[in-house]
Amino acid sequence: MSHATAVRVRPRHAPDLPACVEALAQVHAADGYPVNWPERAVDWLTGGSLAGAWVAELDGRVAGHVVLCRQGGDDVAPVLWSEREGVPDAGIAVVSRLFVAPWARGHGLGARLLARVVEEAGQLGLFPVLDVVESDTSATALYERTGWRFLGTGEQHWSPGQTVIVRCYAAPEPGEADGAV
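Heads up: these notes are all about the structure in this document.

What counts and what doesn't
- Residues numbered from 1 in each chain as written.
- Predicted model: local features only at pLDDT ≥ 70, side-chain atom pairs only at ≥ 80, totals over all residues.
- Heavy atoms only, no water.
- Helix = DSSP H or I, 4+ residues; strand = E, 2+ residues; numbered from the N terminus.
- Rg over C-alpha atoms; globule rule 2.2 N^0.38 Å.
- Contact = heavy atoms within 4.5 Å.
- Areas by Shrake-Rupley, 256 points an atom, 1.4 Å probe, with all protein chains shown as cover.
- Lys, Arg positive; Asp, Glu negative; His and termini not counted.
- Charge placed at Lys NZ, Arg CZ, Asp CG, Glu CD.
- Buried < 20%, exposed > 50% of the residue type's maximum accessible area, 1.4 Å probe, protein only.
- Phe/Tyr/Trp six-rings, centres within 6.5 Å; stacked < 30°, edge-to-face > 60°.
- Lys NZ or Arg CZ within 6 Å of the ring centre and 35° of its normal.

## Notes on the overall build of the protein chain
Across its full length, the protein chain holds five helices and seven strands. Counting from the amino terminus, helix and strand elements in the protein chain follow one another as β-α-α-β-β-α-β-α-β-α-β-β. Here the protein chain has a C-alpha radius of gyration of 16 Å; the compact-globule value for 181 residues is 16 Å, and the two agree. Considering only C-alpha atoms, the protein chain reaches an extent of 55 × 40 × 30 Å along its principal axes. The long-range fraction of contacts in the protein chain, counting pairs at least 24 apart against all pairs at least 6 apart in sequence, stands at 66%. When the accessible area of the protein chain is evaluated, it comes to approximately 9100 Å², of which 51% is carbon and sulfur surface. Taken together, the 14 basic and 22 acidic charged side chains of the protein chain have centroids lying 7 Å from each other.

## Examining helix α3 (residues 76-85)
Those residues of α3 lying buried are Val76, Ala77, Pro78, Trp81 and Ser82. As for α3, its buried residues are in contact with β4 (92-100), β5 (127-133), β6 (149-159) and β7 (162-170). Positive phi appears at Gly86, one or two residues downstream of α3, with a value of about 70 degrees.

## So, the packing of aromatic side chains
Given two aromatic rings, one states the distance between the centres and the angle between the planes to describe the pair. Under the counting rule described, the total for this entry stands at five aromatic pairs. Centroid distance Tyr143 to Trp148: 6.5 Å. Interplanar angle 55 degrees. Geometry classified as tilted. When the centroid spacing of 5.9 Å and the interplanar angle of 50 degrees are considered together, the rings of Tyr143 and Tyr169 count as tilted. Note that Tyr143 is positioned in helix α5 (residues 137-145) and Tyr169 in strand β7, a separation of 26 residues in sequence. You'll find Tyr143 and Tyr169 in the same group, each marked buried. When the ring centre of Trp103 is taken as reference, the NZ or CZ atom of Arg61 above it lies at 3.9 Å. When the ring centre of Trp44 is taken as origin, the NZ or CZ atom of Arg97, which lies over that ring, is 5.8 Å away.

What follows is the structure, encoded as structure tokens:
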């Protein structure tokens, strides 16, 4: 007998943070994301110029997470998009801190979180872009499978001693995304 799973994407609330940190720790152990484990994971999840944050639930349990941030000065993807489209970067937002716990994979949560963040960005009048460390092939596969458009690669300076190569993507055109909610 198969058990139907209940999937839901909703705004993140403060009581969700311990479960988000737990899922993030599982992702870090399994996949090495984030590359540098933050000293205070809650601060990493909630910091920056957030325009919104969402969680995915699987059978009522927090299983995934994503945020939308206002564009920051060090982000490569907004610069690439701005140059490519000939538009100012003021209307661009960055999708960040996207992860799905290993135990919850295979239910389309990553695609649903991406669809939700694209929808929310549109409601805010912002265009979403993202970047991913070049070596993260599973995340890259998700973005490409869900219609995100490759913009190019660039160097991202994370600290004075750490520079990484990132692949940058722009959100799919409306109606092009696969795995929409």
